[in-house]
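Structural overview
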Amino acid sequence: MNPKRRVVVIGAGVGGLTAAALLLREGYAVTVLEAHVYPGGSAGTFFHKGYRFDAGATLAGGFGPDGPHRRIGQWLGLEWPVQAIDPAWVVRVGDEEITQWADAERWQEERKQKLAGSEPFWRRQEQLADISWRISSQNFPWPPANFKNILDLSQAMRPWLAPAVPYLLSPMASLFPRNASRLLRTFVDAQLLISAQTTSQHASALYGSAALDLPRRGVNQVKGGMGGIARTLAEWITANGGQIHYRQAVNKVEVREGKAVGVTTEKGLAVGFDGLIANLTPWGLHKILGEASPKRLKWEVENRAHGWGAFMLYLGVKEDILGEFPGHMQMVVDPSRPLGEGNSVFISASGPNDTSRAPTGMRAVTVSSHTRVDEWWRLYQQDPDGYASKKADYTEKIMAAMERVIPEIRQGAQLVLPGTPVTFERFTRRPLGMVGG
């Protein structure tokens, strides 16, 4: 390997840093350019008034025996600051509570009691998840997105892939029994919205099955907040000769004869390269490529509907009022209404033993609800009073939802910091504040 071959990575999120570290290990000269002042992106942790809040993601997977983070840690010689937790979280649908155990036997018993008649669904989900996770480490087009992918896949067919064939182009909803209850459908849709950014009618059966499998494959809390994963990677990169430049938002990619050869940042830093990795959304990549965007990327950003954003509440809460709160809880307030927009929320509290996250006697609590981004931006740009009113309304919705499980939350919350998709774009540089994959 030629050690002088240069690679620039745009974005110090977990994906960008992982790619940078693996390339550095293989002998490339690597430079990472990050717009923010710390690494992590949507899986970062920020400091505010004595608290360390997770900006977006609050739970980490992939550290089990065959998990991608475990394998990367072994390749790089890393010790991750993580601790496995069980249960992964509790799901509350209306007044029904379902504990999502990581332990396989306890989870099977829980779903038999709370989701009667759902065993065929879970058996098939676990079978497809095992296939999807196994295939994720191999060079197959998975899940197949078009007919060409299916042809490529057929040439690499193995006997253990056969059970997945009937579901290659099926949605997750096709796995439900014919008489599936509303509780089962809402439970699955709520979890898919968190892990796959869509519901069972739209998620691929193969991808959706893998996304639902997170608890079974191990859920972890990160000491000091989710940003610890990115910080661990960033420290390894700089210790091994890589460069990471913060406060360097890339605003232009230089393209010559159809090939990207350099980038320029908003502060005027110019970096040439032999290869470029952009850890960005399609909209983010299109923005910096400008007229040099390939036709397919232009079509993508012009025709694909905008993804979900998130409304966030960052709370500093007195430890004693949390009581028996499980640490992580997903809530669907009214199962008869659509998910998101304050009707479904995910609540995460920092661990009681992680004293780095909050002042003495307090806990850091992060709450999120999926929300459509376009209306937030319309109000922000055209109706500031309407924007402020919507923000206050969503804050009230979420606080009211939390009162169902933490009755004294209003009295115990000494800090209430709301964030909208506008806020999320400002700090993560994700266009329109869209979240997820």
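In this convention, every chain numbers its residues from 1, walking through the sequence in written order. At least 70 in pLDDT is required for a residue's local features to be given in this predicted model, at least 80 for side-chain atom pairs to be given and counted, and no such filter applies to totals for whole chains, interfaces and linings, which use all residues. Processing note: side-chain calculations cover all non-hydrogen atoms of the structure and skip hydrogens and water entirely.

Quick notes on the environment of Trp 101
Assignment of secondary structure puts Trp 101 in the loop between strand E7 (96–100) and helix H3 (104–114). Judged by relative accessible area, which is 14%, Trp 101 ranks as buried. Linking Trp 101 and Arg 111, residues 10 residues apart in sequence, is a C-alpha distance of 9.8 Å. Whether two residues are in contact is decided by their heavy atoms: any pair within 4.5 Å suffices. Look past the residues within four positions of Trp 101 in its chain and what remains in contact with it is Asp 86, Pro 87, Arg 106, Trp 107, Glu 110 and Pro 215. Labels follow the DSSP assignment, with helices taken as runs of H or I lasting at least four residues and strands as runs of E lasting at least two, numbered in each case from the N terminus. To sort residues, take the accessible area from a 1.4 Å probe on protein chains only and compare it with the maximum for the residue type: under 20% means buried, over 50% means exposed, and anything in between is partly exposed.

Considering the nonpolar core
We define the nonpolar core as a collection of buried residues of types Ala, Val, Leu, Ile, Met, Phe, Trp, Tyr and Cys that are connected through side-chain atoms lying within 4.5 Å of one another. Counting residues in each nonpolar core, the largest one holds 43 residues, and the members touching the most others are Val 263, Leu 315, Val 367 and Met 402. With six residues, the single largest contributor to this core is helix H13 (residues 384–403). With sequence-adjacent residues up to four places away left out, Val 263 is seen in contact with Val 8, Ile 10, Leu 33, Val 250, Lys 252, Val 253, Leu 269, Ala 270, Val 271, Phe 273 and Leu 276.

Comments concerning the packing of aromatic side chains
Any two of the Phe, Tyr and Trp rings considered here, Trp counted by its six-membered ring, make a pair once their centres fall within 6.5 Å; the pair's planes then place it as stacked at under 30 degrees, edge-to-face at over 60, or tilted in between. As enumerated under the stated definition, the model contains 17 aromatic pairs in all. Ring centres 5.2 Å apart and planes at 75° place the aromatic pair Trp 376 and Tyr 394 in the edge-to-face group. Separated by 18 residues along the polypeptide, Trp 376 in helix H12 (residues 373–382) and Tyr 394 in helix H13 bring together distant segments of the chain. By the burial criterion, Trp 376 is buried, and Tyr 394 matches it. Counting as a charge over the ring demands two things of the Lys NZ or Arg CZ atom: a distance within 6 Å of the ring centre and an angle within 35 degrees of the ring normal. Arg 134 extends its terminal NZ or CZ atom over the ring of Trp 160, reaching a point 3.9 Å from the ring centre. Sitting above the plane of the Trp 308 ring, Arg 372 keeps its charged end 3.8 Å from the centroid.

Looking at the sheet that holds strand E15 (residues 328–332)
In this analysis, strands are considered paired if DSSP registers two or more bridges between them. What the seven strands build is an open sheet, ordered E7-E6-E15-E16-E17-E14-E18; its pairing is mixed. Strands at the two margins of the open sheet, each flanked by one partner only, are E7 and strand E18 (413–419). In this sheet, adjacent strand axes meet at a mean angle of 15° when their direction is disregarded. Note: strand E6 (residues 89–93) against E7, five bridges, orientation antiparallel. The convention used is that axes are lines fitted to C-alpha atoms, helices contributing only their stretch in contact, and that angles between N-to-C directions extend from 0 to 180 degrees.

Digging into the sheet that holds strand E10 (residues 250–256)
Neighbouring strands of a sheet are bound in pairs by backbone hydrogen bonds; such pairs are parallel or else antiparallel. The strand order across the open sheet built from three strands is E10-E11-E12, with neighbouring strands paired in antiparallel fashion. Edge positions in the open sheet fall to E10 and strand E12 (270–272), since each of these has one partner strand only. Each adjacent strand pair in this sheet contributes to an overall mean axis angle of 25°, direction not counted. Summarising the sheet, E10 and strand E11 (residues 259–265) pair through six bridges and their orientation is antiparallel. Within the sheet, the bridge partner assigned to Val 250 lies in E11 and is Thr 265.

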